[in-house]
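Summary of the model geometry
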Amino acid sequence: MQKITVAKGDGIGPEIMNATLAILEAANAQIAWDEIEIGEKVYLSGNTSGIDKVAWDSIRKNKVFLKAPITTPQGGGYKSLNVTMRKALGLYANVRPCKSFYPFVNTKHPKMDVVIIRENEEDLYAGIEHQQTDEVVQCLKLITRPGCEKIVRYAFEYARLYKRNKVSCFTKDNIMKHTDGLFHQVFKEIAQEYPDIQSDNWIIDIGAARLADTPEDFDVVVLPNLYGDVVSDITAQISGSVGLAGSANIGESCAMFEAIHGSAPTIAGQNIANPSGLLRASVMMLNHIGQQDVAELVKNAWSYTIEEGIHTPDIYKEGVSKKQVSTTEFAESVINHLGKKPRTFLTAEYAKDVKLNIPTYQRKKPANKMLKGVDVFVDWKGTNPDELAEKLTKLNSDIKLTMITNRGVKVWPNGFEETFCTDHWRCRYEVENGHPAAKQSIPELLSNALQEEVDIIKTENLYEFDGVRGYSLGQGQ
Ligand code: NAD
């Protein structure tokens, strides 16, 4: 018997969770659960995180969490519980299968069957933001080698386990050569370890456009966090109804399973919500905890029910559907069909006694790291970069002012007067002729800047790693 944690959530949450648990019980899933309270009530009690210690303890003890959607109250101060949980529990992989159920559920893409695997912990979701000048704010995009290795390996392992043929990587590494470049680089490295699985890489813009147009050309898609967030919603939407898709958030020790949709407050309490998203998430959970037989039983009974045209109002269509049913009637119908196999959809068959093989990250031998200079970010209200350069050249030592950019575009030397400039200037100091910079040259530079009344808001060291430049050039440099 596997102990899990269950949260019935807000809005339609209790209705779809009760339906799901009734089906799991009828299918004889070997689970017992602790129920916790999260979401709206907890937020409104004054806890801005939406979750209390008792709930955290239950999830951390049971390590498997089946979660109904929650309502985040409108207005400031409330933190997204999903983002907090993913990061606090190390749930690095967000897995969202998006399949169409044509001809039984209407869709423009009858052949689509795509699994989106989104990195869940880093990228712009690190939440590190600063206002630096009157005119400029920044958000740090952090991409790490361990983060990339874990998610990309997860995607290939998933493809192998679920007999998928191809893994596609979406990045924007033509622009973000270091951050997205690392994600793509790791993808190329790990793809070589899986010669049985095809792999390809897409620049995110055209990749996303093609995915929305011809999703049948894609199989498994792995993406950094922000792109994955956007693309997975689009993919789920074009597969049919938001009420149908489930998702898994997987970590090294814990895992969380939920429908992709929200708490749908406008239809709450009416017994009309579609429980399929949460039910399909619970099938992913059963697979995760090694109860593949029950997962197959539930999935097949669900597919059979959809094929029978027994549909909740969100997917009911005259001429296609046969019977419009309530949430509870749909659950009863799935229960009555336990043991049946679908006739049009593929019968579910899940690999047994096989686990995804994701080795713990091993830190690589540190590279030879050489300081080559520093980018100094300056708050300056002038408009002519030559004037700023004159002021800053006075601070030259073994590192010398080589370039000034504004919003990344080179404005000195030889800038264009057409370039629009804000009050935020990136001033690059570098060593000449390949030597390392002296460590004390940066604090000396800062101290001299103080004397000259230069308003430095931030510095970023410039390094080479094993002789390879670890920083981007200025645009136009
Ligand atoms: P939503 O997904 O709740 O609803 C969008 C539309 O889809 C609505 O028309 C709704 O009626 C319909 N819908 C959603 N699920 C359905 C189902 N199972 N059956 C039938 N129809 C369904 O999105 P929203 O209205 O933008 O958000 C409502 C609340 O949910 C907000 O407070 C939001 O913060 C929260 N939310 C929570 C989660 C989560 O807990 N994981 C995710 C998204 C949104």
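This structure is a prediction, so every number in the text was calculated from the model and none was measured.

What counts, and at which threshold
- Residues numbered from 1 in each chain as written.
- Predicted model: local features only at pLDDT ≥ 70, side-chain atom pairs only at ≥ 80, totals over all residues.
- Heavy atoms only, no water.
- Near = heavy atom within 4 Å.
- Polar contact = N/O pair within 3.5 Å; in protein donor to acceptor, adjacent residues only side chain to side chain.
- Areas by Shrake-Rupley, 256 points an atom, 1.4 Å probe, with all protein chains shown as cover.
- Nonpolar A, V, L, I, M, F, W, Y, C, P; charged D, E, K, R; others polar.
- Axes fitted to C-alpha atoms, helices over the stretch in contact; angles between N-to-C directions.
- Helix = DSSP H or I, 4+ residues; strand = E, 2+ residues; numbered from the N terminus.
- Parallel < 35°, antiparallel > 145°, perpendicular 65-115°, else oblique.
- Left-handed = near helix turned anticlockwise from the far one by under 90°.
- Contact = heavy atoms within 4.5 Å.
- Core = buried A, V, L, I, M, F, W, Y, C linked by side-chain atoms within 4.5 Å.
- Buried < 20%, exposed > 50% of the residue type's maximum accessible area, 1.4 Å probe, protein only.
- Domains from an automatic or database assignment.
- Buried area = accessible area lost by both parts, 1.4 Å probe.
- Salt bridge = Lys/Arg side-chain N within 4 Å of Asp/Glu carboxyl O.
- Phe/Tyr/Trp six-rings, centres within 6.5 Å; stacked < 30°, edge-to-face > 60°.
- Pairing = 2+ DSSP bridges.

Turning to the site of the ligand, a few remarks are in order. Contacts to the ligand come from 18 residues, most closely from Ile70, Gly262, Ser263, Ala264 and Asn274. At a separation of 3.0 Å, a nitrogen atom of the ligand approaches a polar side-chain atom of Asn82. In isolation the ligand offers 810 Å² of accessible surface; the protein chains occlude 65% of this area. Of the residues assigned to the shell around the ligand, the class counts are eight nonpolar, seven polar and three charged.

Okay, the packing of helix H1 (residues 13–26) against helix H11 (residues 327–336) next. Helix-helix packing is described using two parameters, namely the angle between the two axes and the distance between the axes. For the pair H1 and H11, interaxial distance at closest approach is 9 Å and the crossing angle is 15°. Between H1 and H11, the angle falls in the class roughly parallel. Crossing geometry of H1 relative to H11 is assigned as right-handed. On H11, the residues touching Glu15, Ala19, Ala22, Ile23 and Ala26 of H1 are Thr327, Ala331, Val334 and Ile335. Residues belonging to the contact of H1 with H11 are distributed by class as follows: seven nonpolar, one polar and one charged.

This next bit is on the nonpolar core. The biggest cluster of nonpolar side chains holds 73 residues, and the ones touching the most others in it are Leu66, Ile117 and Phe257. Considering every element that reaches this core, the biggest residue donor is helix H5 (residues 145–161), with eight residues. Excluding residues within four positions of it along the chain, Leu66 makes contact with Ile4, Thr5, Val6, Ala7, Met17, Thr20, Leu21, Leu24, Phe257, Leu278, Ser282 and Met285. Membership of the second largest hydrophobic core comes to 23 residues, among which are Ile404, Trp412, Tyr429 and Ala437.

One can read the domain layout of the protein as domain 1 (2–336) and domain 2 (369–469). Here the C-alpha centroids of domain 1 and domain 2 sit 44 Å apart. With eight residues of domain 1 in contact, the opposing surface of domain 2 contributes eight residues. The largest per-residue losses of area from domain 1 upon contact with domain 2 belong to Gln132, Thr133 and Glu135, which jointly make up 58% of the total buried on that side. With its nearest N and O atoms 3.1 Å apart, the salt bridge here joins Lys381 to Asp134. Viewed at the interface, domain 2 and domain 1 are joined by five residue pairs in polar contact (both at pLDDT 80 or more). Among the residues making up the side of domain 1 that touches domain 2, the classes are represented as two nonpolar, four polar and two charged.

We now examine the packing of aromatic side chains. For the coordinates displayed, the defined rule picks out 13 aromatic pairs. Pairing Tyr463 with Phe465 gives two aromatic rings, centres 6.1 Å apart and planes at 65°, and the pair type is edge-to-face. Of the residues examined, Tyr463 reaches a relative accessible area of 23% and is grouped as partly exposed. Using a relative accessible area of 37% as the deciding quantity, one classes Phe465 as partly exposed. Site record: aromatic cluster; members linked through ring pairs are Tyr92, Tyr154, Tyr158, Tyr162 and Tyr350.

A few words on unusual backbone geometry. Backbone torsion omega between Tyr102 and Pro103 reads 5°, so that peptide bond is classified as cis. The amide bond that connects Trp412 to the next residue, Pro413, takes the cis arrangement and shows omega of -5°. Along the polypeptide, Pro413 turns up in the loop between strand E17 (409–412) and strand E18 (424–430). Of note in the backbone geometry, Asp123 takes a positive phi value of approximately 70° without being a glycine. Its relative accessible area of 1% is what places Asp123 among the buried residues. In the Ramachandran plot, Asn271 falls in the positive-phi region, its phi being about 60° despite a non-glycine side chain.

To continue, consider the packing of helix H10 (residues 292–307) against H11. Following both chains from N to C, one finds H10 and H11 inclined at 115°, their axes separated by 8 Å at the closest point. For the element pair H10 and H11, the recorded crossing hand is right-handed. Residues Ala301, Trp302, Thr305 and Ile306 of H10 form the contact with H11, whose participating residues are Phe330, Ser333 and Val334. The residue inventory of the contact of H10 with H11, partitioned by class, reads five nonpolar, two polar and no charged.

Turning our eyes to something else, we now look at the pairing of strand E12 (residues 255–259). Burial runs high along E12: five of the five residues are buried. Of the two faces of E12, the one holding Ala255, Phe257 and Ala259 and the one holding Met256 and Glu258 are both buried throughout. Sheet analysis places strand E3 (residues 64–67) next to E12, joined by four bridges and oriented parallel. For Val64, the partnering residue across the bridge sits in E12 and is Ala255. Both strand E11 (residues 246–250) and E12 contribute to a ladder of five bridges, which runs antiparallel. Pairing of Ser247 across the sheet is with Glu258, part of E12. Taken together, E11 and the strand that follows it, E12, pair antiparallel across an intervening segment of four residues.

Moving on, we come to the sheet that holds strand E5 (residues 113–119). Strand order in the open sheet made by the ten strands is E2-E1-E3-E12-E11-E4-E5-E10-E8-E9, with mixed pairing throughout. Each of the sheet's edge strands pairs with one partner strand only, and the pair in question is strand E2 (31–36) and strand E9 (198–203). Taking each pair of neighbouring strands and ignoring which way they run, the sheet shows an average axis angle of 20°. Strands in contact with helix H7 (residues 204–213) are E5, strand E8 (166–171), E9 and strand E10 (220–223); relative to E9, the strand with the most contacts, it is inclined by about 110°.

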